[in-house]
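Working through the structure, step by step
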Amino acid sequence: MGATRSVTVEVAVIGAGPGGLAAAAMVKQAGFQPVVFERAADVASSWRGHYDRLHLHTVRWMSNLPGLPFPRSEGKWVSRGGVVSHMETYVAHFGLDVRTGVDVTRIDAAPGGWRLETSQGPVHAWAVVVATGYNRVPIEPSWPGRDTFQGEFVRAADYKNPTPYRGKNVLVVGPGNSGAEIATDLAEGGARTVWLSYRTPPNIISRDRPLPPPVLGVVMERLRVGPRLGDWIAATIQRRTIGDMTRYGFPPAPRSIGTQMVRDEVIPIIDLGLVKQVKAGRVTPVPETKSLEGHEVVLADGQRLDADVVVCCIGYRPGLEPLVGHLGLVGPKKGHPIVYGGDTAPNAPRLHFVGMRAVTTGLFREFGIEAKAVAAALKRAKTEKG
């Protein structure tokens, strides 16, 4: 693409992560010519940047993107590197047109479709699929004293492995899945002290017992288990596999797993060793972080921690406002879109979103479902136009 030359494509897919690639593949199989625009230099860029020990939290056979399963050699839980390698294979397998280094900054309605403002000039498209990611923009903490903190401040996106932190006192802030796994990694990797700070006590569930959580989620979905019964089942499993964590520093979560997912869009912690480390005293849960003072971290209960390192894992947001906020497509709940998959807003025909919501049945599985729904919706739109 030239710096100012306008480009016209049939279907523009924004984002070359798993969701965007799945959408492009299904749209292409439906007879369209999609072009994928990716601001980074490679496909699966977020997966390339994740911490070393990361694996998919869904079993391999529930994590396949449509049209090309993960190889069995990846084992039950696909590694970070395995995901990246497979995404590269996926592009080649479907012959996808992926244009990297192109940052799409805004989408506007245009005659016959949409106009995309990009770092390499305008793009006109009949249809658009936004797949920029559920966790695109890190949430920045507003702690007093952060700028003058004398220890090291590390964002979750910049954490790779525990080697630089051996022998150090580390506070991990945020007990989501990233924070829980990083805290576990640090404890297993030789950090001197590991604290895990939480504002809201988390729900924790086992990865394997009695079934992997996404498998259980699919079973309950197909059996049409209601929210109350689903919450009771999840709570029973929690008691039997995790136990009461109150005496270890984690009081009960204020909401059950299902209710928390629906109301707050908060995914429970999939236990990959955190419970063992907490019970052994190698990870210590502590209350909410309130401020940083010199070399100390001040907690909500007045405790002061002498921390060498603070790892910030307080979450992400989609960051859709600059792209489509002016179109009224960003909802009030955490900045997520108001429609998903094959659905579109009345004022935004053929503008779809893929991979933007938390589900109990596995995000990679959801990518495929939504990608197929988008392809079907575009076929209907093309038929109606004709």
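About the criteria used
- Each chain carries its own residue numbering, running from 1 in the direction its sequence is written.
- In keeping with the model being predicted, local features are shown solely for residues with a pLDDT of at least 70 and side-chain atom pairs are shown and tallied solely at 80 or more, while totals for entire chains, interfaces and linings include all residues.
- With hydrogens and water excluded, all non-hydrogen atoms of the structure serve as input to the side-chain values.
- Take the buried residues of types Ala, Val, Leu, Ile, Met, Phe, Trp, Tyr and Cys, join any two whose side-chain atoms come within 4.5 Å, and each joined set is a nonpolar core.
- Residue burial is assigned from relative accessible area. The probe radius is 1.4 Å, only protein chains are included, and a residue is buried under 20% of its type maximum, exposed over 50%, and partly exposed in between.
- Should any heavy atoms of two residues lie within 4.5 Å, those residues are considered in contact.
- By the criteria applied, helices consist of DSSP H or I runs no shorter than four residues and strands consist of E runs no shorter than two, each listed in order from the N terminus.
- Whenever a nitrogen or oxygen atom comes within 3.5 Å of another N or O atom, the pair is scored as a polar contact, on the condition that within protein one atom can donate a hydrogen and the other can accept it, and that pairs from neighbouring residues in sequence are kept only if both atoms are in side chains.
- Definitions used for this entry: grid spacing 1 Å over protein atoms alone; cavity, a set of points where a 1.4 Å probe fits but cannot get out; pocket, an open set with protein on both sides within 12 Å along at least 5 of 7 lines; lining residue, one with an atom within 4 Å of a point.
- Grid points are joined across faces, edges and corners, and a volume is the space filled by probe spheres set on the points.
- Residues were grouped as follows: Ala, Val, Leu, Ile, Met, Phe, Trp, Tyr, Cys and Pro as nonpolar; Asp, Glu, Lys and Arg as charged; and all remaining residues, including Gly, as polar.
- Two strands qualify as a pair provided that DSSP identifies no fewer than 2 bridges between them.
- The angle between two axes is taken between their N-to-C directions and runs from 0 to 180 degrees, where each axis is a line fitted to C-alpha atoms and a helix contributes only its stretch in contact.
- For salt bridges, the criterion is a side-chain nitrogen of Lys or Arg within 4 Å of an Asp or Glu carboxyl oxygen.
- Just so you know, the count uses Lys and Arg for positive and Asp and Glu for negative, and it drops His and the chain ends.

1. Things to note about the nonpolar core
In this structure, Val-11, Tyr-90, Val-172, Ile-182 and Leu-186 are the most contacted members of the largest nonpolar core, which totals 68 residues. Apart from residues no more than four positions distant in its own chain, Tyr-90 is found in contact with Leu-21, Ala-22, Ala-25, Met-26, Leu-65, Pro-66, Leu-68 and Leu-96. Membership of the second largest hydrophobic core comes to 27 residues, among which are Val-7, Val-9, Ile-107 and Tyr-340.

2. Description of the side chain of Asp-108
Here Asp-108 is to be found in strand 4 (residues 104-110). In this structure the side chain of Asp-108 is engaged in a polar contact, spanning 2.7 Å, whose partner is the side chain of Arg-106.

3. Structural notes on the layout of surface pockets
Taken as a whole, the second largest pocket encloses approximately 340 Å³ of empty space. The dominant element in the lining of the second largest pocket, judged by the number of residues it contributes, is helix 6 (residues 227-241), at 3 residues. Here the lining of the second largest pocket is composed, by residue class, of 9 nonpolar, 5 polar and 3 charged.

4. Thoughts on the sheet that holds strand 14 (residues 289-293)
Hydrogen bonding along the main chain pairs the strands of a sheet, whether they run parallel or antiparallel. A sheet is described by the order of its strands in space; here 3 strands give the open sequence 14-15-16, paired in antiparallel fashion. The outermost strands of the open sheet, each flanked by one partner alone, are strand 14 and strand 16 (304-306). Pairwise comparison of adjacent strand axes, ignoring direction, gives a mean angle of 25° for this sheet. The sheet contact formed by strand 14 and strand 15 (residues 296-299) spans 4 bridges and is antiparallel.

5. Some words on empty space enclosed by the protein
Inspection of the entire model under this criterion finds 2 cavities of 30 Å³ or more. Along its surface, the largest cavity is lined by Pro-138, Ile-139, Arg-155, Ala-156, Ala-157, Cys-312, Cys-313, Ile-314, Gly-315 and Tyr-316. Tallied by class, the residues present in the lining of the largest cavity amount to 8 nonpolar, 1 polar and 1 charged. Of the pockets and cavities examined, the second largest cavity occupies roughly 50 Å³. Those elements giving two or more residues to the lining of the second largest cavity turn out to be helix 4 (177-188) and strand 12 (269-271). Of all the elements, helix 4 adds the most residues to the lining of the second largest cavity, at 4 residues. Looking at the lining of the second largest cavity, its residues break down into 4 nonpolar, 3 polar and 1 charged.

6. Some details on the pattern of salt bridges
Tallied over the entire structure, the rule returns 16 salt bridges. Residue Glu-88 pairs with Arg-48 through a salt bridge whose shortest N-O separation is 2.7 Å. Here Arg-48 lies in helix 2 (residues 45-49) and Glu-88 lies in helix 3 (residues 80-94), a separation of 40 residues in the sequence. A salt bridge links Arg-115 to Glu-117; the shortest N-O distance between them is 2.5 Å. Arg-115 sits in the partly exposed class, given a relative accessible area of 29%. Among the ionic contacts, a cluster of salt bridges with common partners joins Arg-53, Glu-181, Asp-185 and Glu-188.

7. A closer look at the side chain of Arg-350
For Arg-350, the position within the fold is in the loop between helix 9 (321-324) and strand 19 (351-353). In this structure Arg-350 is buried but unpaired, with Glu-384 as the nearest side chain of opposite charge at 7.9 Å. The residues touching Arg-350, leaving out its near neighbours within four places in the chain, are Gly-112, Gly-113, Trp-114, Trp-126, Ala-127, Val-128, Thr-344, Leu-378 and Ala-381.

8. Re the sheet that holds strand 10 (residues 193-197)
Read from one edge of the open sheet, 5 strands run 8-17-9-10-13, paired in parallel fashion. For this open sheet the edge positions go to strand 8 (152-155) and strand 13 (284-286), each flanked by a neighbour on one side alone. When the angles between neighbouring strand axes are averaged without regard to direction, this sheet yields 25°. In the sheet, strand 10 pairs with strand 13 via 3 bridges, with the strands oriented parallel. Along strand 13, the bridge assignment pairs Leu-196 with Pro-285.

9. A closer look at unusual backbone geometry
Phi is positive for Ala-44, close to 55°, though the residue is something other than glycine. With respect to the element layout, Ala-44 can be found in the loop between strand 2 (34-38) and helix 2. Located in the positive-phi region is Arg-350, a residue other than glycine, with phi close to 60°. You can call Arg-350 buried: its relative accessible area is 19%.

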